[in-house]
Amino acid sequence: MARPPFPPFTLETAMQKVQAAEDAWNSRDPVRVAQAYTEDTVWRNRDEFLQGRDAVVEFLTRKWEREQDYALRKQLWAFTEDRIAVRFQYESRDASGQWWRSYGNEQWEFTGEGLMRRREASINDVEISEDERRIFGPREEGDRTDLPLR
(Lines give C-alpha, C1' and ligand atoms only; values in the text may rest on other atoms or scores of the structure.)
Protein backbone atom coordinates (compact mmCIF):
# COMPACT_ATOMS: atom_id res chain seq x y z
CA MET A 1 0.00 0.00 0.00
CA ALA A 2 1.28 3.47 -0.86
CA ARG A 3 0.23 6.84 0.54
CA PRO A 4 1.20 9.88 -1.58
CA PRO A 5 2.80 12.33 -1.49
CA PHE A 6 6.08 10.43 -1.33
CA PRO A 7 9.54 11.38 -0.10
CA PRO A 8 11.70 13.19 -0.90
CA PHE A 9 9.45 16.01 0.27
CA THR A 10 9.30 19.52 -1.11
CA LEU A 11 7.65 22.41 0.69
CA GLU A 12 4.47 21.78 -1.31
CA THR A 13 4.34 18.01 -0.70
CA ALA A 14 5.25 18.36 2.99
CA MET A 15 2.35 20.80 3.41
CA GLN A 16 0.06 18.35 1.59
CA LYS A 17 1.13 15.55 3.93
CA VAL A 18 0.42 17.70 6.99
CA GLN A 19 -3.02 18.71 5.71
CA ALA A 20 -3.87 15.10 4.86
CA ALA A 21 -2.94 14.09 8.42
CA GLU A 22 -5.07 16.87 9.89
CA ASP A 23 -8.03 15.85 7.74
CA ALA A 24 -7.70 12.19 8.68
CA TRP A 25 -7.38 12.85 12.43
CA ASN A 26 -10.40 15.18 12.32
CA SER A 27 -12.45 12.29 10.92
CA ARG A 28 -11.99 10.60 14.32
CA ASP A 29 -11.92 7.27 12.46
CA PRO A 30 -9.12 5.17 14.01
CA VAL A 31 -9.00 2.69 11.12
CA ARG A 32 -8.77 5.46 8.51
CA VAL A 33 -6.00 7.23 10.44
CA ALA A 34 -4.04 4.02 10.99
CA GLN A 35 -3.86 3.33 7.24
CA ALA A 36 -1.28 6.14 6.94
CA TYR A 37 1.18 4.16 9.10
CA THR A 38 3.32 1.10 8.41
CA GLU A 39 2.18 -2.25 9.87
CA ASP A 40 5.11 -2.05 12.33
CA THR A 41 4.96 1.69 13.01
CA VAL A 42 6.57 2.92 16.23
CA TRP A 43 4.92 5.67 18.25
CA ARG A 44 5.56 7.72 21.35
CA ASN A 45 2.51 9.70 22.37
CA ARG A 46 2.94 11.53 25.68
CA ASP A 47 3.89 8.68 28.03
CA GLU A 48 2.61 5.83 25.85
CA PHE A 49 4.80 3.76 23.57
CA LEU A 50 3.08 1.85 20.78
CA GLN A 51 4.17 -0.49 18.06
CA GLY A 52 2.07 -1.63 15.12
CA ARG A 53 -0.99 -0.47 13.28
CA ASP A 54 -3.36 -2.49 15.50
CA ALA A 55 -1.97 -0.73 18.59
CA VAL A 56 -2.57 2.62 16.86
CA VAL A 57 -6.24 1.72 16.23
CA GLU A 58 -6.68 0.69 19.87
CA PHE A 59 -4.98 3.86 21.12
CA LEU A 60 -7.03 6.18 18.89
CA THR A 61 -10.27 4.41 19.83
CA ARG A 62 -9.53 5.07 23.53
CA LYS A 63 -8.39 8.62 22.78
CA TRP A 64 -11.56 9.67 20.99
CA GLU A 65 -13.82 8.01 23.54
CA ARG A 66 -12.13 10.21 26.17
CA GLU A 67 -11.58 13.37 24.07
CA GLN A 68 -15.07 14.25 22.88
CA ASP A 69 -15.77 16.80 20.13
CA TYR A 70 -12.09 16.62 19.17
CA ALA A 71 -10.98 19.18 16.55
CA LEU A 72 -7.36 19.56 15.41
CA ARG A 73 -5.11 22.01 13.56
CA LYS A 74 -1.60 21.11 12.37
CA GLN A 75 1.15 23.34 10.96
CA LEU A 76 4.29 22.35 9.12
CA TRP A 77 7.33 23.22 11.22
CA ALA A 78 10.21 21.75 9.19
CA PHE A 79 10.99 18.93 6.78
CA THR A 80 13.81 16.93 5.20
CA GLU A 81 13.77 14.29 2.49
CA ASP A 82 11.82 11.72 4.53
CA ARG A 83 10.94 13.51 7.77
CA ILE A 84 8.39 16.15 8.74
CA ALA A 85 8.02 18.09 11.99
CA VAL A 86 4.70 19.70 12.89
CA ARG A 87 3.28 21.74 15.68
CA PHE A 88 -0.38 21.43 16.49
CA GLN A 89 -3.22 22.26 18.79
CA TYR A 90 -6.54 20.62 19.34
CA GLU A 91 -9.56 21.14 21.52
CA SER A 92 -11.80 18.56 23.12
CA ARG A 93 -14.01 18.13 26.12
CA ASP A 94 -13.96 15.40 28.71
CA ALA A 95 -16.94 13.40 30.03
CA SER A 96 -17.62 16.05 32.70
CA GLY A 97 -17.95 18.75 30.01
CA GLN A 98 -14.62 20.48 30.76
CA TRP A 99 -12.95 21.86 27.61
CA TRP A 100 -9.22 21.44 26.97
CA ARG A 101 -6.76 22.86 24.47
CA SER A 102 -3.79 20.62 23.83
CA TYR A 103 -0.57 21.95 22.31
CA GLY A 104 2.16 19.79 20.88
CA ASN A 105 4.94 18.92 18.49
CA GLU A 106 5.37 15.80 16.41
CA GLN A 107 8.23 14.32 14.45
CA TRP A 108 7.37 11.97 11.61
CA GLU A 109 9.55 9.62 9.55
CA PHE A 110 8.30 8.07 6.29
CA THR A 111 9.02 5.11 4.05
CA GLY A 112 9.52 5.55 0.31
CA GLU A 113 5.85 4.54 -0.10
CA GLY A 114 4.74 7.56 1.94
CA LEU A 115 3.71 5.56 5.03
CA MET A 116 4.72 6.86 8.43
CA ARG A 117 7.09 4.43 10.14
CA ARG A 118 7.73 6.57 13.24
CA ARG A 119 5.74 9.22 15.12
CA GLU A 120 6.86 10.96 18.29
CA ALA A 121 4.52 13.42 19.99
CA SER A 122 4.98 15.71 22.98
CA ILE A 123 1.73 17.28 24.21
CA ASN A 124 0.62 19.66 26.97
CA ASP A 125 -2.97 20.32 28.02
CA VAL A 126 -4.54 23.58 29.15
CA GLU A 127 -7.96 23.79 30.74
CA ILE A 128 -10.16 26.32 28.91
CA SER A 129 -13.71 27.57 29.24
CA GLU A 130 -16.19 26.96 26.46
CA ASP A 131 -16.12 30.65 25.47
CA GLU A 132 -12.33 30.42 24.96
CA ARG A 133 -12.71 27.81 22.24
CA ARG A 134 -11.45 28.69 18.76
CA ILE A 135 -11.42 25.36 16.92
CA PHE A 136 -14.90 24.22 15.90
CA GLY A 137 -14.46 21.09 13.81
CA PRO A 138 -12.49 20.41 10.62
CA ARG A 139 -11.36 23.32 8.48
CA GLU A 140 -13.78 24.55 5.88
CA GLU A 141 -12.79 23.79 2.29
CA GLY A 142 -10.45 26.55 1.16
CA ASP A 143 -9.55 27.55 4.74
CA ARG A 144 -5.95 26.42 4.87
CA THR A 145 -4.51 29.45 6.66
CA ASP A 146 -2.46 28.84 9.78
CA LEU A 147 -4.17 29.12 13.13
CA PRO A 148 -2.05 31.14 15.55
CA LEU A 149 -0.47 28.75 18.03
CA ARG A 150 -0.37 30.57 21.33
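Going by the structure above, here's the rest.
Keep in mind it's a predicted model, so treat the numbers as computed, not measured.

Before going further, it helps to spend a moment on the sheet that holds strand β5 (residues 99-110). Pairing between the strands of a sheet is mediated by backbone hydrogen bonds and can be parallel or antiparallel. If you trace the six strands from one edge of the open sheet to the other, you get β2-β1-β6-β5-β4-β3, paired in mixed fashion. Edge positions in the sheet fall to β2 (48-51) and β3 (68-79), since each has one partner strand and no second. Here the average twist between neighbouring strands, direction ignored, is 20°. In this sheet, β2 lies alongside strand β1 (residues 37-45) in antiparallel orientation, the contact comprising four bridges.

With that out of the way, let us pick up the side chain of Thr 41. Note that Thr 41 resides in strand β1. Among the polar contacts listed, one links the side chain of Thr 41 to the backbone oxygen of Met 116, at a separation of 3.3 Å. Within the local environment of Thr 41, its side chain forms a polar contact with the backbone oxygen of Arg 117, the two atoms lying 3.3 Å apart. If near-sequence neighbours (up to four positions away) are discounted, Thr 41 is found in contact with Leu 50, Gln 51, Gly 52, Arg 53, Val 56, Met 116, Arg 117 and Arg 118.

Another aspect to go through is the packing of aromatic side chains. Going through the model one piece at a time under the given rule, you end up with nine aromatic pairs. Centroid distance Tyr 37 to Trp 43: 5.1 Å. Interplanar angle 65°. Geometry classified as edge-to-face. Measuring from ring centre to ring centre gives 6.1 Å for Trp 108 and Phe 110, while their planes differ by 85°; the resulting arrangement is edge-to-face. In terms of burial, Trp 108 and Phe 110 fall into one category: buried.

Reading guide: rules and limits
Residues numbered from 1 in each chain as written. Predicted model: local features only at pLDDT ≥ 70, side-chain atom pairs only at ≥ 80, totals over all residues. Heavy atoms only, no water. Pairing = 2+ DSSP bridges. Helix = DSSP H or I, 4+ residues; strand = E, 2+ residues; numbered from the N terminus. Axes fitted to C-alpha atoms, helices over the stretch in contact; angles between N-to-C directions. Polar contact = N/O pair within 3.5 Å; in protein donor to acceptor, adjacent residues only side chain to side chain. Contact = heavy atoms within 4.5 Å. Phe/Tyr/Trp six-rings, centres within 6.5 Å; stacked < 30°, edge-to-face > 60°. Buried < 20%, exposed > 50% of the residue type's maximum accessible area, 1.4 Å probe, protein only.

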